[in-house]
Amino acid sequence: MRKTKILLLAGTVLPAFAIMAPAMAQGARSDAPIVLAQGADREERGGGGERRQERQERQEQRQERRQERQEQRQERAAPAERPASSERAAPAERATPSQRATPAERPTPSERAAPAERATPSERATPAERATPSERAAPAERATPSDRAQPRDDGQGDRQQRMREQRQQERQEQRQERRQDAGGAGQQDDRQDRLREMREQRQKDRQGQTQDQPTDAQPDRRDQMREDRKQERPDAQQDRRDRLQDMRDDRKEKREDAQEKREDRQEKREDARDQRQDDRQQDRVDRLKDRNQSLEDRIRDERKDARDDRDRLNDKIDRLKDQRKERRDGDRIIITEPGGRTIIRDGNRTIIRRDETARFRIGIDSRNIREERRNGEIRTVVTRPDGSRVVTVTDEDGRLIRRVREYRGQEYVLIDNRPRGGRGGVFVTLDIAPPRISIPRERYIVDADSASADDIEEAFTAPPVARLERSYSLDEIRQSEPLRQHVRSVDLDSIVFDTGSWEVRDDQIKKLENVGIAMEDAVKKDPKTVFMIEGHTDAVGSDDDNLSLSDRRAESVAEVLTKYFDIPAENLTTQGYGEQYLKVQTDGAEERNRRVTVRNITPLLSSSN
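In every chain, residue numbers begin from 1 and rise along the written sequence. Local features in this predicted model are restricted to residues of pLDDT 70 or higher, and side-chain atom pairs are both shown and tallied only at a pLDDT of 80 or more, whereas totals for entire chains, interfaces and linings draw on every residue. Water and hydrogen atoms play no part in the side-chain values, which are based on all heavy atoms of the structure.

Peer 1: Looking at this structure, I do not really get the overall build of the chain. What am I missing?
Peer 2: What counts as a helix is a DSSP run of H or I of at least four residues, what counts as a strand is a run of E of at least two, and both are numbered from the N terminus. The secondary structure content of the chain amounts to 15 helices and 14 strands. Remark: exposure states derive from per-residue accessible area (1.4 Å probe, protein chains only) relative to the maximum for the residue type, with buried under 20%, exposed over 50%, and partly exposed in between. Within the span of the chain, comprising 609 residues, buried residues form 33% of the whole. With the model as given, the accessible surface of the chain reaches about 38,800 Å², and the carbon-plus-sulfur share is 46%. For the area figures, the Shrake-Rupley method with a 1.4 Å probe applies, and any residue is considered shielded solely by the protein chains shown.

This is the structure we're talking about:
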């Protein structure tokens with residue numbers, strides 16, 4: 001009876017809780033939105049206005065997307081209201097509580113057949129006395145579902161009880177017989193019999209509980225539970241969809257957060273790069289400012305001491321005409337000038353040579369300069385105050401063969417001008433086509449007056465504009481214009497010389513600042529860098545005068561770069577071309593043809609390193 005009451009109580013309370021759960025859950029929720037604490041905005045960085053504005057817009061868009069996702073989650077968090085228990089369709093066939101059998105109408109345990117009244121084993125019907133199959137109730141006589149709701153007849157219940165007890169008594173007798181036959185080995189059978197008895201007792205208890213409960217209460221509870229499951233199934237599916245959507249949103253948000261972190265790192269790298277570029281630009285400006293003051297002070301002091309030097313003021317090409325000496329060597333005409341400069345003319349080809357060691361002697365004590373002659377070669381060694389030595393090897397005619405810098409036990413071969421492939425002599429013939437230029441002309445031929453410092457630096461550090469088959473000697477580079485065109489150049493058109501003079505005036509030195517600083521930086525990055533300084537004139541005047549004048553002007557610019565900038569003399573080489581390569585094709589006076597051109601010929605040079 002107690003178990004029956006517990007089952008009835010559970011069957012009544014659990015559905016009530018299931019009905020009240022949505023209302024309780026709805027009351028526990030709050031319609032107030034969930035507010036997430038957001039991190040403080042990044043401080044605005046200086047510089048790069050447009051790029052920083054784009055970054056800020058991207059951050060605002062990401063913030064809006066996050067807010068939208070949060071609102072969607074809040075909307076999904078509020079489940080649809082379930083219908084109240086009064087609105088659910090009640091089963092039409094369910095019996096009302098008043099129609100169900102009350103506990104008073106059910107047979108009490110005292111009214112059931114007592115164990116004493118049950119038939120003993122001797123009184124049980126023998127197999128012959130048992131009802132035959134024909135005597136059993138036909139299917140038509142079985143209780144209908146409407147009759148099942150009424151309590152069972154006491155006589156029928158007693159009969160079933162006696163039959164069960166009879167079967168149980170028979171099984172006990174069989175067990176006793178097996179135990180006697182088995183003897184000492186019956187312990188295992190006893191354990192199995194006990195287990196079987198326990199199972200049978202549990203089965204009888206369940207059957208008794210089922211018989212004690214009203215028949216119509218069981219379908220009612222099953223229908224109620226089934227209805228509750230139907231109501232809960234959509235909610236469970238919606239909850240599962242919400243969880244899946246939340247998981248997708250979380251993954252999406254993590255991906256977006258990772259993307260934002262990558263963008264932040266990229267922004268930091270860009271900011272750092274911009275900062276480095278700004279610092280480099282500021283450092284360059286500071287260097288220029290300091291160098292300007294230094295240049296002005298040095299120029300003022302040096303020119304003050306040299307004002308009375310009339311030889312410097314009379315550096316005119318006209319003075320050289322009377323001092324030239326001309327001689328003939330076969331078909332060649334050789335013209336020598338003061339200072340070790342020689343013009344060689346062979347047919348329609350003309351070249352000029354100079355003393356390759358003259359620039360190294362400037363500012364060096366004569367005791368630190370040593371010359372040696374070995375096997376037809378002149379070896380000139382110049383020792384500097386820092387301990388470095390510059391070794392220049394030339395032949396008897398003054399042609400440069402090799403230039404080396406020795407410093408702290410290391411040897412840097414800057415120029416190796418020995419003939420290649422058996423091609424020697426004064427004039428070199430090189431069959432090479434001009435390169436095809438695919439970059440803008442202002443980046444290929446840079447105007448130093450209008451170009452920025454970065455453009456000049458790019459021209460000096462860029463690789464050749466076309467592929468080269470091999471490296472070349474200095475003579476091949478000097479005598480082949482198509483070969484020189486494989487590297488970019490910087491034109492100094494604004495350098496103004498007095499008529500017939502090769503001296504760089506004081507007011508022209510400042511125009512070399514951007515070029516000098518770019519060359520200085522290139523040499524610091526690679527100590528073996530070699531620059532060629534070319535001198536050009538217009539077509540006014542004789543060929544010999546223009547050739548000599550252009551060569552001397554190129555050498556004067558090289559001296560200024562070494563003197564006022566930190567560019568070693570051995571990293572520079574000069575060559576004059578006169579009016580051979582006019583920038584503007586005209587026979588008249590043209591300032592753009594009177595120019596100095598600077599190239600980084602390191603990619604073209606041969607080296608034994």
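Peer 1: Would you explain empty space enclosed by the protein in this entry?
Peer 2: Any empty space left between the atoms is revealed when a probe the size of a water molecule rolls over them. Here a cavity denotes a set of grid points, spaced 1 Å apart and computed over the protein atoms alone, in which a 1.4 Å probe fits but from which it cannot get out, and a pocket denotes an open set meeting protein on both sides within 12 Å along at least five of seven lines; residues with an atom within 4 Å of a point are reported as lining. Grid points are joined across faces, edges and corners, and a volume is the space filled by probe spheres set on the points. Summed over all chains, the structure comprises six cavities of 30 Å³ or more. In this model, the largest cavity occupies a volume close to 110 Å³. Forming the walls of the largest cavity are 14 residues, and the residues nearest its centre are Ile 351, Arg 353, Arg 399, Asp 475 and Arg 478. Elements with a contribution of two residues or more to the lining of the largest cavity: strand 4 (349-353) and helix 11 (474-479). Any residue outside Ala, Val, Leu, Ile, Met, Phe, Trp, Tyr, Cys, Pro, Asp, Glu, Lys and Arg is labelled polar, Gly included; the first ten of those are nonpolar and the last four are charged. Split by residue class, the lining of the largest cavity holds four nonpolar, four polar and six charged.

Peer 1: Is there a simple way to think about the packing of aromatic side chains in this case?
Peer 2: How two aromatic rings sit relative to each other is given by the distance of their centres and the angle of their planes. Note on aromatic pairs: the rings of Phe, Tyr and Trp (six-membered ring only in Trp) are paired at centre separations within 6.5 Å, and the planes decide the class, stacked below 30 degrees, edge-to-face beyond 60, tilted for the rest. Counted under the stated rule, the structure contains two aromatic pairs. Two thresholds decide whether a charge sits over a ring: the Lys NZ or Arg CZ must be within 6 Å of the ring centre and within 35 degrees of the ring normal. Between the NZ or CZ atom of Arg 405 and the centre of the ring of Tyr 412, over which it lies, the distance is 5.6 Å. Seen from the ring of Trp 502, Arg 552 lies directly overhead, with NZ or CZ sitting 4.9 Å from the centre.

Peer 1: What am I meant to see in the sheet that holds strand 1 (residues 325-329) here?
Peer 2: Pairing between sheet strands relies on hydrogen bonds along the backbone, with the strands arranged either parallel or antiparallel. In this description, strands pair whenever DSSP reports at least two bridges between them. Taking strand neighbours across the sheet as the criterion, the four strands line up as 1-2-3-4 in an open arrangement whose pairing is antiparallel. Across the chains shown, the open sheet's two edge strands, defined by having one partner strand only, are strand 1 and strand 4. The sheet shows a mean angle of 20° between the axes of neighbouring strands, taken without regard to direction. The strands that helix 15 (residues 543-564) touches are strand 2 (332-337), strand 3 (341-346) and strand 4; relative to strand 3, the one it contacts most, it runs at about 140°. The axes used here are C-alpha line fits, helices contributing only the stretch in contact, and every angle between their N-to-C directions lies in the interval 0 to 180 degrees. Whether two residues touch is decided by their heavy atoms; if any such pair falls within 4.5 Å, the residues are in contact.

Peer 1: Honestly, helix 15 in this entry has me stumped. Any pointers?
Peer 2: Given 3.6 residues to a turn, an α-helix orients residues that are three or four positions apart in the same direction. Under the convention used throughout, the expected extent of a helix is 1.5 Å for every residue step, that is, one less than its residue count. Taking 1.5 Å of rise per residue, the 22 residues of helix 15 would be expected to cover 32 Å, and the 32 Å separating its terminal C-alpha atoms lies within 8% of that figure. Taking burial as the measure, the 22 residues of helix 15 include 18 buried ones, the bulk of the element.

Peer 1: For this particular structure, what's the right way to read the nonpolar core?
Peer 2: Nonpolar side chains in soluble globular proteins generally cluster together in the buried interior. Counting residues in each nonpolar core, the largest one holds 31 residues, and the members touching the most others are Ile 456, Phe 460, Met 519, Ile 533 and Leu 561. Put simply, the parts of the chain that give this core at least two residues each are helix 10 (453-461), strand 11 (489-492), helix 14 (513-525), strand 12 (531-536), helix 15 and strand 14 (595-600). Per-element tally for this core: the top contributor is helix 15, with six residues. In this text, buried Ala, Val, Leu, Ile, Met, Phe, Trp, Tyr and Cys residues form a nonpolar core when linked through side-chain atoms within 4.5 Å. Leu 468, Leu 474, Tyr 581 and Leu 605 belong to the second-largest nonpolar core, a separate cluster that totals 17 residues.

Peer 1: Mind showing me how you'd approach helix 10 here?
Peer 2: Along helix 10, the residues that are buried comprise Ala 453, Ile 456, Glu 457, Ala 459 and Phe 460. The buried residues of helix 10 all sit within an arc of 160° when viewed along its axis, so they share a single face. Directions from the helix axis toward the C-beta atoms define the arc.

Peer 1: Any chance you could explain the pattern of salt bridges here in plain terms?
Peer 2: In the sections that follow, a salt bridge refers to a side-chain nitrogen of Lys or Arg positioned within 4 Å of a carboxyl oxygen of Asp or Glu. By the definition in use, this model includes 35 salt bridges. Two residues, Arg 341 and Glu 555, come together in a salt bridge whose shortest N-O distance is 2.6 Å. With a gap of 214 residues between them, Arg 341 in strand 3 and Glu 555 in helix 15 connect regions that are remote in the sequence. One network of salt bridges, in which partners are shared, links Arg 341, Arg 354, Glu 356, Arg 403, Arg 478, Asp 551 and Glu 555.

No statement about biological role is implied by the geometric values presented.
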